[in-house]
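The residues making up each chain are set out below.
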Amino acid sequence: MALISLQEVNLAFSGPLIFDCLNLQLEPGERIALLGRNGAGKTTLMKVMTGQQEVDSGNVIVQKGIQVAHLPQEVPVDITGSVFDIVLSGLGPRAELLSQHHHLTQRLQTQQTPELLRQLDALQDKLNHTDSWDVNNQVQEVIAKMKLDPDSDFAQLSGGQKRRALLARALVLKPEVLLLDEPTNHLDIDSMLWLEGFLLNYSGTVFFVTHDRMFMTRLATRIIELDRGKIYSWPCDYQTFLERKQAALDIDEARWGHFDKKLAEEEVWIRKGVKARRCRNEGRVKALERLREEKKTQRKAIGQVRMQAQKVDPSGHRVVKISQLGFGYGEKCLVRDFTTQIMRGDKIGVIGPNGSGKTTLLRLLLGKLTPQKGKVTLGTNLQIAYYDQLREQLDEEATVAENVNGESDTIVINGKPKHIIGYLQDFLFTPDRARTPIKMLSGGERNRLFLARLFSQPSNVLVMDEPTNDLDIETLELLEELLLEYPGTLLLVSHDRAFLNNVVTSTMVLEGEGLINEYAGGYDDWLSQRKTVAPAPVKAKSVKEKIRPKKPVVARKLTSGEQRELDNLALEIEKMEAEQKQLYALLADFKFYEKDPAEIASTKARSEFLSNELAEAYARWEYLEELSE
């Protein structure tokens, strides 16, 4: 028997139906991943299951006596108390005695009176006659796994810590049904791995929404998709789902194409001359009317986000040079003796536990925070766009359009003016939504807004701090493609393992006590390499090898001629790289080798000559930059 059953459910707020005769059943022991575009109604579906949202029609049946726990996507504003109390509240009636015992024990640490000791003995006697001691250990264990202080005030926690506390509250009861809305948001990789293990061994039913493809691939026994008000069930893994989904989309597109063609033919027929109208078939006329009605209600797939990075002059060859960097807060060391160089075109991932200093490292690298030890030297011609983890750059009261472009209706993208509404439609904001204050937006919409704002700025250095939270998978994959093609330098903080694997070329890992090591490749590459790396601190190497070693130079002011040379090198290098790219494409074409041998030899010689010239230009540029420090 299904634990939760939705039968012919309809729901609409305004516009098209959110749920259109929706049917769904949750069976015991399933681990179901729910997919859907931002705004498709995934969070609303969970609220319907928990009774927080009524439906317009249809039935929502929950098996009598089962317990359902829900982790919401957004943190409720009315929750107060300590972390221990919040997590304990997930246990329902059994929570009161344990809460009293916890707070009484705290008081006895500072004052021991006969009355308090008597109350403690009485409480312990009650607890000894129940399974509450086991429950208490269960509460303490899940709090520890979420890396939280049980005595911390919930209201004073960061957004990420609050979500971890709510996740602990949902997990502690071990209910028959767990509804988890983006459970991996703000979790570090260690916490994700623990959660994966916990849910893999969980005996109940897990119904979860996630953008984390690796998390979903490892957990889901069934994938369902909410698309245009309907539920589609795919009893397969994620990769098979993608293949079957594409096939279904192809069939759907062909079907609608056939429908549109038939409708057009019927419209032509009914508009023929008087003779045709007089003898027209009334059944055919009624069929046409039905086609017209079907066309009105036709709901095609939501469009895709269209993102593009703005073109800009390249930065200097060396973006950042870090020497013996050190930083900490109080006695906590976040960065210790870190030395590296970040070169133009590097795509660097930054990973580490929550609180290890990833955002602090970014601020140090960008020159926004003064190091306590060592030196950070920024390269030349840097245009930095920063994707802030906390989204502090957004004005809650302003509209979507105002947050992107102020009061102006026109935005310039790659030198071409475009109306701000049209630009925002590329990020799936309707004209009405573009004029909505952002305090009304969902988490996914906020992230799309921030991407729209970010890519409206010309940049050659892109810094992104947790950009993947709340994005639907299709938008996430489009962002991956854009970052892979991005010609500048990328610094990316993320806990999304698949995203790191697909985007970055090297990874900086904060491995505790201020130690930062660098590894080639993404998350999986780090896992394989760290098994063979000695745990002792090592001096980090440059992400890219220097073109050639140079003798130490003494910094001084450049002469006017040297300054002109440095200013012109960027243009010279850009021209040589463009020509070299053309030559590489030519040499990669097998038809080219059918040409005259002399032309082939000349092209190869020119390519080799350019490689040498570029090496010299890079070395000279780096020398002049270092000299000017």
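For clarity, every value in this text was computed on a predicted model and none was experimentally measured.

Digging into the pairing of strand S12 (residues 347–351)
With 5 of 5 residues buried, S12 is to be regarded as a mostly interior element. Alternating residues of S12 divide into Lys 347, Gly 349 and Ile 351 and Ile 348 and Val 350, and every residue in both groups is buried. Two strands pair when backbone bridges link them, and S12 and strand S18 (residues 489–493) are joined in this way by 4 bridges, in the parallel orientation. Counted as the bridge partner of Ile 348 is Leu 491 from S18. Where S12 meets strand S19 (residues 506–510), 4 bridges bridge the pair, whose relative direction is parallel. Note that in S19 the partner of Val 350 across the bridge is Met 508.

Notes on the nonpolar core
One finds Leu 171, Leu 199, Phe 208, Met 216 and Ile 223 to be the most contacted residues of the largest nonpolar core, which totals 47 residues. The element that contributes the greatest number of residues to this core is helix H6 (residues 159–172), accounting for 7 residues. Non-local contacts of Ile 223, meaning those with residues more than four positions away in its chain, are made with Ala 33, Leu 35, Met 216, Tyr 232, Ser 233, Trp 234, Cys 236, Asp 237, Tyr 238 and Phe 241. Formed by 46 residues, the second largest nonpolar core is a distinct cluster that contains Tyr 387, Ile 420, Leu 454 and Leu 462.

With respect to the confidence of the model for the chain
On average, residues of the chain score 80 in pLDDT, and 82% of them are at 70 or above. The weakest mean pLDDT in the chain belongs to helix H10 (residues 274–278) at 47; the strongest belongs to strand S7 (residues 205–209) at 95. Every residue in residues 533–550 is under pLDDT 50, and counting partners more than four places away or in other chains gives 38 contacts.

Comments concerning the pattern of salt bridges
For the structure shown, the criterion picks out 15 salt bridges. A salt bridge links Arg 228 to Asp 227; the nearest nitrogen and oxygen atoms lie 2.6 Å apart. For Arg 228, a relative accessible area of 18% corresponds to the buried category. The salt bridge involving Lys 373 is made with Asp 337; its shortest N-O contact spans 2.6 Å.

How each quantity is defined
- Residues numbered from 1 in each chain as written.
- Predicted model: local features only at pLDDT ≥ 70, side-chain atom pairs only at ≥ 80, totals over all residues.
- Heavy atoms only, no water.
- Buried < 20%, exposed > 50% of the residue type's maximum accessible area, 1.4 Å probe, protein only.
- Helix = DSSP H or I, 4+ residues; strand = E, 2+ residues; numbered from the N terminus.
- Pairing = 2+ DSSP bridges.
- Core = buried A, V, L, I, M, F, W, Y, C linked by side-chain atoms within 4.5 Å.
- Contact = heavy atoms within 4.5 Å.
- pLDDT = per-residue confidence, 0-100.
- Salt bridge = Lys/Arg side-chain N within 4 Å of Asp/Glu carboxyl O.

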